[in-house]
Amino acid sequence: MQTSPRTTKAKPNIYLSGFMGTGKTSIGKRLAQALGYRFIDSDEEIEKRCAMSVKDIFATLGEPKFREMEREFMESGHPDSGCVVSCGGGLVCRDGMPELVRSKGVSIVLFSPPEAILERVQKNDKRPLLNQPNPLETIKSLMRQRQQFYMKSGTAIATSPEISDTVKHILRIYKHATSKKFRR
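Predicted, not measured: the structure shown is a model, and the values here were computed from it.

Caption draft 1: Representation of the packing of aromatic side chains. Counting across every chain of the model gives three aromatic pairs. Their ring planes at 85° and their centres at 6.2 Å tell us that Tyr 37 and Tyr 174 sit as a pair that is edge-to-face. Pair noted here: Tyr 37 is in the loop between helix 2 (24–35) and strand 2 (38–41) and Tyr 174 is in helix 9 (residues 163–181), with a separation of 137 residues, a long-range link. For the pair formed by Tyr 37 and Tyr 174, the shared burial category is buried. Seen in terms of ring centroids, Phe 111 and Tyr 150 are 6.0 Å apart; in terms of plane orientation they differ by 85°. Their pairing is edge-to-face.

Caption draft 2: Representation of the side chain of Thr 159 in the model. Within the fold, Thr 159 resides in the loop between strand 5 (155–158) and helix 9. Filtering out sequence-adjacent residues up to four positions away, Thr 159 remains in contact with Thr 22, Ile 27, Leu 110, Phe 111, Ser 112, Arg 120 and Thr 166.

Caption draft 3: Fine view of the pattern of salt bridges. Evaluation of the coordinates by the stated rule reveals eight salt bridges. In this structure, Arg 67 and Glu 70 form a salt bridge, with 3.0 Å as the shortest nitrogen-oxygen distance. Taken together, the residues span about one helical turn, with Arg 67 and Glu 70 both in helix 5 (residues 63–76) at a distance of three residues. Accessibility classification places Arg 67 together with Glu 70 in one group, the buried group. One salt-bridge network, in which partners are shared between bridges, spans Glu 63, Arg 67, Glu 70 and Arg 94.

Caption draft 4: Just the nonpolar core, in detail. Core analysis: the largest hydrophobic core is formed by 30 residues, its most contacted members being Phe 19, Met 74, Val 85 and Leu 91. Going through the elements one at a time, helix 4 (54–60), helix 5, strand 3 (83–86), helix 6 (97–104), helix 7 (114–121) and helix 8 (135–153) are the ones with two or more residues in this core. No other element matches helix 8, which puts five residues into this core. If we ignore the near neighbours within four places in the chain, the residues touching Phe 19 are Lys 24, Gly 89, Leu 110, Ile 117, Ile 139, Leu 142, Met 143, Arg 146 and Tyr 150. Grouped together as the second largest cluster of nonpolar side chains are 15 residues, Leu 16, Tyr 37, Leu 110 and Ile 157 included.

Caption draft 5: Geometry of the packing of helix 6 against helix 8. Between helix 6 and helix 8, whose axes approach to 8 Å, the crossing angle comes to 25°. Regarding the angle of helix 6 to helix 8, the classification is roughly parallel. Helix 8 is crossed by helix 6, and the crossing has right-handed handedness. Judged by residue contacts, Pro 98, Glu 99 and Arg 102 of helix 6 engage Phe 149, Lys 152 and Ser 153 from helix 8.

Caption draft 6: Focus on helix 6. Every buried residue of helix 6 is accounted for by Met 97, Pro 98, Leu 100 and Val 101. Looking straight down helix 6, one finds that the buried residues subtend no more than 165° of arc, so they occupy a single side.

Rules and cut-offs
- Residues numbered from 1 in each chain as written.
- Predicted model: local features only at pLDDT ≥ 70, side-chain atom pairs only at ≥ 80, totals over all residues.
- Heavy atoms only, no water.
- Phe/Tyr/Trp six-rings, centres within 6.5 Å; stacked < 30°, edge-to-face > 60°.
- Helix = DSSP H or I, 4+ residues; strand = E, 2+ residues; numbered from the N terminus.
- Buried < 20%, exposed > 50% of the residue type's maximum accessible area, 1.4 Å probe, protein only.
- Contact = heavy atoms within 4.5 Å.
- Salt bridge = Lys/Arg side-chain N within 4 Å of Asp/Glu carboxyl O.
- Core = buried A, V, L, I, M, F, W, Y, C linked by side-chain atoms within 4.5 Å.
- Axes fitted to C-alpha atoms, helices over the stretch in contact; angles between N-to-C directions.
- Parallel < 35°, antiparallel > 145°, perpendicular 65-115°, else oblique.
- Left-handed = near helix turned anticlockwise from the far one by under 90°.
- Arc of directions from axis to C-beta.

Next comes the structure, spelled out in structure tokens:
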């Protein structure tokens, strides 16, 4: 079956943003499977290109350099359709980034309670921003700082403890957004 340009355009990417530990990767993989799309994790793509872990990029090159790499990834570092993209937790948290993400496809922002986030990420030493004496307070503080950017980045939803419920919710949002966008 031949794919027409219109069909390709009818498969805009889904971008999942939100704080670390909100389920962007788990939910994103399930969404990609449900849609037959490719799953891409922005942090993993940056790690591959840089041949360093995010933790090492932060330690050796600094957070500003990492944020520059995130912008480059969003501007031209991935296919423009047929993908579910899990964005790093801080990717949208700079001027111009919420608008850039929204311009690329359907943007969904995932929210979870700080306590649930801590429970999910506390055993993961790959979280450079949480290497603090009181990680729960760090999570709460970072979430307050980032909330304005998250709220401008796309449709905000609270994640459900059941991944399948969150996936179904996002699929409804995506179907509605794409039917509206491509109606003539």
